[in-house]
Amino acid sequence: MTAVPHEEEAPVRGMWRQGLEVFVENRLALVGVGLFVVLAIFSFLGPLVYRTDQVHTDLAKVFLLPGTEGHPLGTDGVGYDQLGRLMLGGQTSIVVGLAAGLLATVVGTVWGAIAGFAGGWLDAVMMRVVDAMMSIPALFLFMLMASIVTPTVPMLILIIGAFAWLGPARLVRGEALTLRTREYVMAMRGMGGTGGRAVRRHIIPNAIGTVIVNATFQVADAILYVAYLSFLGLGVPPPAANWGGMLSDGLSDTFSGHWWLLYPPGIAIILIVLAFNFIGDGLRDVFEVRLRRR
Amino acid sequence: MEAANQPLLRLRDLSTDIALRRGTVHALDQVNLQVGQGETLGIVGESGSGKTMTVLSIMGLLPTGGHVVGGEILFDGRDLRGLEDKELRRVRGVEMGMVFQDPLTSLNPTLRIGAQVAEPLRVHQGVSKAEARERAIEILRRVGMPRPDKIVDDYPHQLSGGMRQRVVIAMALIRSPRLLIADEPTTALDVTTQRQILELIDDLREEFRMAVILVTHDLGVIAGRADRVAVMYAGRVVETATTAELFRSPRHRYTEALMRALPESAQPDSDGAGRLYSIPGLPPDLSRPLTGCRFAPRCQFATDECRTTDVGLTPDGSGTGHEFACLHPVTGPVTIAAASPSVRTASEVSDPLLTVRDLVKEYDAGGTGVRRTAGRVSAVAGVSFEVGPGETLGIVGESGCGKSTVGRIVAGLEAPTGGRIVLDGADLATLDRGARHRMHRQVQLMFQDSYAAMNPRMRIDSILTEPLEIQQVGDAGARRARVSELLDQVGLPRRALERYPHEFSGGQLQRIGLARSLALSPRLIVADEPVSALDVSVQAQVLNLMRDLQRDLGLSYVFISHDLSVVDYMADRIGVMYLGKLVEVGPAHQVVRAPRHPYTQALLDAVPTPDPGHAPSPDTTIRGELPSALNPPTGCRFRTRCPLAQDICATEPLLQGATHQVACHFPLREEPPAS
Amino acid sequence: MTRYLLTRLGQALVIVILVTLITFVILHLLPGGAARAILGKEATMQQIAAFDHQMGYDRPLWEQYALYLRRLVGGDLGYSFQLNQSVTEAISQRLPKTMLLSVASTVLAVVVAVPLGVVQAVRRNRWPDYTINGLSLLAYATPIFFMGLMMIILFSQVWPVLPPEAPQGFTLAEVLADPAGLVLPVVTLAILTVAVYSRYIRSSMVDNLNENYVRTARSKGLSESRVIVGHTLRNGLFPVITLLGMYLPALFSGALVVERLFNYPGMGLLFWQAALKRDYPILLGVTLLISVATVVGALIADVLYAAVDPRVRLRAGRA
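Residues numbered from 1 in each chain as written. Chains lettered and ligands numbered in written order. Predicted model: local features only at pLDDT ≥ 70, side-chain atom pairs only at ≥ 80, totals over all residues.

1. Considerations on the overall build of chain A
Item 1. The helix and strand tally for chain A stands at 12 helices and 0 strands.
Item 2. N-terminal to C-terminal, the α/β element order of chain A is α-α-α-α-α-α-α-α-α-α-α-α.
Item 3. If you line up chain A on its principal axes, its C-alpha atoms span 85 × 50 × 30 Å.
Item 4. Taking all 294 residues of chain A together, the buried fraction comes to 49%.
Item 5. Sequence-distant contacts in chain A: of pairs separated by 6 or more residues, those separated by 24 or more amount to 72%. (Helix = DSSP H or I, 4+ residues; strand = E, 2+ residues; numbered from the N terminus. Buried ≥ 20, exposed ≤ 12 C-beta atoms within 10 Å, placed from the backbone. Contact = placed C-beta atoms within 7 Å.)

2. Concerning the sheet that holds strand 13 (residues 354-364) of chain B
Residue and element names in this part refer to chain B.
Item 1. The antiparallel open sheet is built from 4 strands, whose spatial order is 14-13-16-17. A strand with exactly one partner marks an edge of an open sheet, and here the two such strands are strand 14 (376-387) and strand 17 (426-427).
Item 2. The pairing of strand 16 (residues 418-423) with strand 17 spans 2 bridges and is classified as antiparallel. Residue V422 lies in a different strand from strand 17, and its bridge partner there is D427. (Pairing = 2+ DSSP bridges.)

3. Focus: the interface of chain A and chain C
Item 1. Each side of the interface is counted separately: chain A has 34 residues, and chain C has 35 residues.
Item 2. Sorting the residues of the side of chain A that touches chain C by element identifies helix 5 (120-134), helix 6 (138-148), helix 10 (195-231), helix 11 (243-254) and helix 12 (263-291) of chain A as the ones contributing at least two each.
Item 3. For the side of chain A that touches chain C, the leading source of residues is helix 6 of chain A, giving 7 residues.
Item 4. Class assignment for the residues of the side of chain A that touches chain C results in 24 nonpolar, 8 polar and 2 charged. (Nonpolar A, V, L, I, M, F, W, Y, C, P; charged D, E, K, R; others polar.)

4. Focus on the UniProt feature "domain: ABC transmembrane type-1" (unreviewed entry) in chain A
Item 1. Under the UniProt annotation, "domain: ABC transmembrane type-1" (unreviewed entry) lies at residues 90-280 of chain A.
Item 2. Across residues 90-280 of chain A one finds 82% helix and 0% strand; the C-alpha atoms that close the span lie 20 Å apart. (UniProt positions renumbered as here; feature names shortened; annotations may be inferred.)

5. A short note on the interface of chain C and chain B
How big an interface is tends to be expressed through the accessible area that disappears when the partners come together.
Item 1. Opposite the 22 residues of chain C that make contact, chain B presents 27 residues.
Item 2. For the side of chain C that touches chain B, the secondary structure elements donating two or more residues are helix 10 (212-219), helix 11 (224-246) and helix 15 (310-318) of chain C.

6. Some thoughts on the pairing of strand 15 (residues 392-396) of chain B
All names here are of chain B.
Item 1. The buried count for strand 15 comes to 5 of 5 residues, which makes it a mostly enclosed element.
Item 2. Burial of the side chains of strand 15 extends over both faces: T392, G394 and V396 are buried on one face and L393 and I395 on the other.
Item 3. Relative to strand 20 (residues 556-561), strand 15 runs parallel, the two sharing 5 bridges. For I395, the partnering residue across the bridge sits in strand 20 and is I560.
Item 4. Pairing of strand 15 with strand 21 (residues 573-578), which is carried by 4 bridges, proceeds in the parallel orientation. Across the sheet, the residue bridging to L393 is R573, located in strand 21.

7. Considering helix 10 of chain C
Item 1. Of all the 8 residues making up helix 10 of chain C, 6 are buried; the element is thus mostly covered by neighbouring parts of the structure.
Item 2. As for helix 10 of chain C, its buried residues are in contact with helix 1 (51-59), strand 6 (96-99) and helix 6 (161-173) of chain B together with helix 9 (179-209) and helix 11 of chain C.

8. With respect to the packing of helix 7 (residues 191-208) of chain B against helix 20 (residues 598-606) of chain B
Residue and element names in this part refer to chain B.
Item 1. Contact geometry for helix 7 and helix 20: axes closest at 8 Å, N-to-C directions at 50 degrees. Here helix 7 is positioned oblique relative to helix 20, judged by the angle of their axes. Note that helix 7 runs across helix 20; the crossing there is left-handed. Of helix 20, the residues touching helix 7 (which contributes V191, T192, Q194 and R195) are A602, L603 and A606. (Axes fitted to C-alpha atoms, helices over the stretch in contact; angles between N-to-C directions. Parallel < 35°, antiparallel > 145°, perpendicular 65-115°, else oblique. Left-handed = near helix turned anticlockwise from the far one by under 90°.)

9. Regarding the environment of A:R284
All names here are of chain A.
Item 1. Note that R284 resides in helix 12.
Item 2. On the basis of neighbour counts, which here come to 19 C-beta atoms within 10 Å, the residue R284 falls in the partly exposed class.
Item 3. C-alpha separation for the pair R284 and E175, spaced 109 residues apart in sequence, amounts to 15 Å.

10. Section: the sheet that holds strand 4 (residues 66-75) of chain B
Residue and element names in this part refer to chain B.
Item 1. The 4 strands are arranged 2-1-4-5 in an open sheet whose pairing can be described as antiparallel. Lying at the two open borders of the sheet, with one neighbouring strand each, are strand 2 (24-35) and strand 5 (78-79).
Item 2. Both strand 1 (residues 9-19) and strand 2 contribute to a ladder of 8 bridges, which runs antiparallel. Bridge pairing in strand 2 places L14 opposite V31.
Item 3. Strands in contact with helix 1 are strand 1, strand 2 and strand 4; relative to strand 2, the strand with the most contacts, it is inclined by about 75 degrees.

11. Details of unusual backbone geometry
Item 1. In this model, B:Q472 sits at a positive phi of 50 degrees, which is unusual for a non-glycine residue.
Item 2. Along the chain, B:Q472 falls in the loop between helix 14 (460-470) and helix 15 (476-490).
Item 3. With a phi close to 55 degrees, C:N263 is a non-glycine residue in the positive phi region.
Item 4. Tracing the chain through its elements places C:N263 in the loop between helix 12 (248-262) and helix 13 (267-277).

12. A closer look at the UniProt feature "transmembrane region" (unreviewed entry) in chain A
Residues and elements named next belong to chain A.
Item 1. According to UniProt, the feature "transmembrane region" (unreviewed entry) maps to residues 28-50, 94-118, 138-166 and 260-283 in the numbering used here.
Item 2. End C-alpha atoms of residues 28-50 are separated by 30 Å, and the span's content is 91% helix alongside 0% strand.
Item 3. Helix makes up 83% of residues 138-166 and strand 0%, whereas the separation of the span's terminal C-alpha atoms amounts to 10 Å.

13. Re the confidence of the model for chain B
All names here are of chain B.
Item 1. Of all residues in chain B, 93% have pLDDT values of 70 or greater, and the mean over the chain is 86.
Item 2. Contacts of residues 338-342 to residues separated by more than four positions or lying in other chains number 9 contacts, the stretch itself having pLDDT below 50.
Item 3. Counting interchain partners and residues more than four positions distant, the pLDDT-below-50 stretch residues 367-373 has 4 contacts.
Item 4. Among the prediction metrics, the complex's ipTM stands at 0.87, with pTM recorded as 0.85. (pLDDT = per-residue confidence, 0-100.)

Laid out in structure tokens, this is it:
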């Protein structure tokens, strides 16, 4: 009895390697990574090269046009250098986005996993809480919270993270419920394996893909939320800055012709949100393809 | 057959490509076929042979990326490839009809039955709504639908699988097509339903004088229903002949191998166990350029010439239209089921390894949320049997009979509602936690779909090590050694360890699944439909392997399957289940050749045999549908469909007899005296 | 079906009660306590004590909650000392206008998104699909107020055909009297919705186009358009009904931003003004009401879905 394996042996490749290949195949995902890297370098390493004063206002230098000596992107209404401010604002947007997205994902995953595994009463109660919080439109909640506490960067992360976890919670619970009934979990129980092992070895590794993909979209959403809060007047107060805040400040300047205060932060937000969406789509491909049979 | 000289449909050098993201699959390569008015052409082949692609090419239903790239499709003398779109749709919509494999998904779930059935009339003939409805009722009645005037307003999910397939057939017939194409029309159905559907297609062919193309992987279905057969392999027709001729003297080596691989043609070997002929290897990858005979790499008669020359279909010279593409054809006849059934001598009078007594399993019906008084589903109702050491007990029955539930309970995956299970002298109900945990070393489960039963993110080495880890057997080194040993036992290379499940074929996955079941050196393996998803040639490989391992390791099997011929081949004793009850149990050869229960008889008669001369008796057909397990019939559960049922059947018959037991008030035969 | 309705209704009720619990908790988290937050910084200790007593804030918490619920049921959402108006009154003036904005933009979004999603699904992985997909991603990534501003610049400045500000009016009729002013707010809110809907419709249609029943329909010789319109479109659009319900929270969030941008006199604007002035009775009242609207909307969507889709209708009816 001879079993002839595949005619030509495909090279043995690890899962990460295979995943990377699929990811690289999605050109938009690469663009997403590229965009993110460029924007991150611009925001975090930029200030090391291009030094500006973003603390003290300089009322002698307000609304300077782009291209003015020393201010390639001009200055804003209180004399901050716009290019330097974009870098500073990028730091806040990226940090808040990543941190809030991460917080939401972690909280949501834990909540959803507990509800999904426990089932029964606990599940019903936990999910009704999620339903209830989800039926309060997020921006209303954020504003309500922001009107109670003073929005600082950590506070923003906390507020957004505290309400954005509902989506991941629902998602993870659904995953847990379906994964629990998979045949490989049944096979493991047939070997005498326990529920804990099912969670550790089978359910988490299979749910992690969905969670990671969702996390990237959470980051994108969090960045948008920061922008909305700033627009609604409850962003981080100056001298701190974020792209959303700069963009909403820029709105009022548009009609006076100060276009350089509007478009750069607007485009920056669009690019970073797109970047995370592209990355998310690419990761989804990776996790789906790995499961697809041949 | 009189019209065969003027074929209704003729394929000439039909080639079809399917463009995928990575490369192009040459699904069909110069296929030549023909079918005449009133004739049934069977197309047989394994998965990937192109049989389905052939009919989809004819119907213009190729999947995304699929295109006919060469040849002609001559229907009534006209090449369909040359027709303009509208005319083509009319020809396909009016003159052809198609029946698909999966009746559960081939109907639109949100449209009423009548609207779907009558749609071709409405579209192509502009029939009024009221008339269309009348015609739909009429045709539904013709395909044997009970209460067609009511069903016409139902939605598909309100019907059973067999009923839905009748609807699909009605939909194909309402246009009075000249050609009916049935692509695996009964593969998703139980044997008794399969028989009803195949008979219906036969009757209708005569009545409507249609040409029929019957696509199937099952040689038995072909033998009983087709006038002529085309055997396909790797995108080509390798042999075509009249059915009688093909089964009497196949010429192509592949056809021969296919027939020899059937469990029915097992040849007895030294220990009387019988061995199946198996085709080594896998079909070729059709996305690569191929030269020579495509079967050559797996053929034991292949020569260098086979690998280099492309052989076309050539007539055998007899003038009967028997053509084949083989340089070293079979010369003698091939016999199926000729060898006398091997009577396996089960180990006599030893203590049973497994004893099941009055096993009961009930489920709550749809009990979510607010308490519902829907009742309880009786999945298993008082089943008792034993399995001896080294013995194989086959359990057969149709879907929903509870056979898988029995398997899962025995394997410790579900707790029974009632009854006792004694494994190796220990009653499972009385075991403490630790003993229950260790019990899993004794009994293991083997799944139908090993791919689904393996975590897709684990490599084969982790998959095989997992049972050892759970049961804390040995240290890391010992486990590695054990895993390597297992791979050797199931005949897979060590390289397999570093790979993931999706990199293996179905047959290989079943081997890995078997290796995993063996890891803990259990004494009993519960195999739930272990070969049902496999092609015949691969099925033979796995069955042989299971028997070799049983002999070498002294394993016991509970072998669960819907396929009587496979169970007949594998089992020492067979138990037949119907709606949660064991209705008959006895030595395999007796149950299969001299059944005592009417249901067993009906089941046996419904199985298509790969013997064109075999004609099932018409009076054993069971009609009607399986009753719901929610409110099963009282007394004998089969009585609602039994031709022999009398008043007394309302009281429950007990399983009676010495070795060949039956639960029936009117057994077909007396138990033969113990030899 | 009735059983399904009752279960779903019970669920919605539980959610509403939980929402009131959340707003109740927030009320007590307010800086300086509920009374000070409501009466304002200038309130004297006596005023606060009197107010606490009047509202029952000096009683045990569960009793306070019971009182709170009883007031809610009676339609009493509190009193805004800043507006010198009851919250119920303030909201009821603006609620119809917000509903007008939401409904109009949803209708517009559905009308646009359905054909887009269908075209994407039918021409999937070809240029129409890529183009539409790219545009909806772009719309999704653009902050809605930036998008709205672009619209104002385009249609009020560059090509001045529409007013940059929403119609100002006390009643719904006054707002409706100036339809031109409604165009930009409605369209802006709809663009984001279109981006979300068309993606969803695309995937729903793609799923359906891959179903076996589509092959059956084609085997009857139906034209491609008949296959899509007669078979897949129905099935693909049923789930969209539930999406309408699920999307409500995001829609209301969007409406908040749009109302602020175009100065549209709806609930969102009221809420925004209240947030800047820390007018907590209004903030809590609006939050509560908008949540209830969301729950009710989702309930209606689910029931509607169950009523029109035979798969759900019959399953729910049998169980």
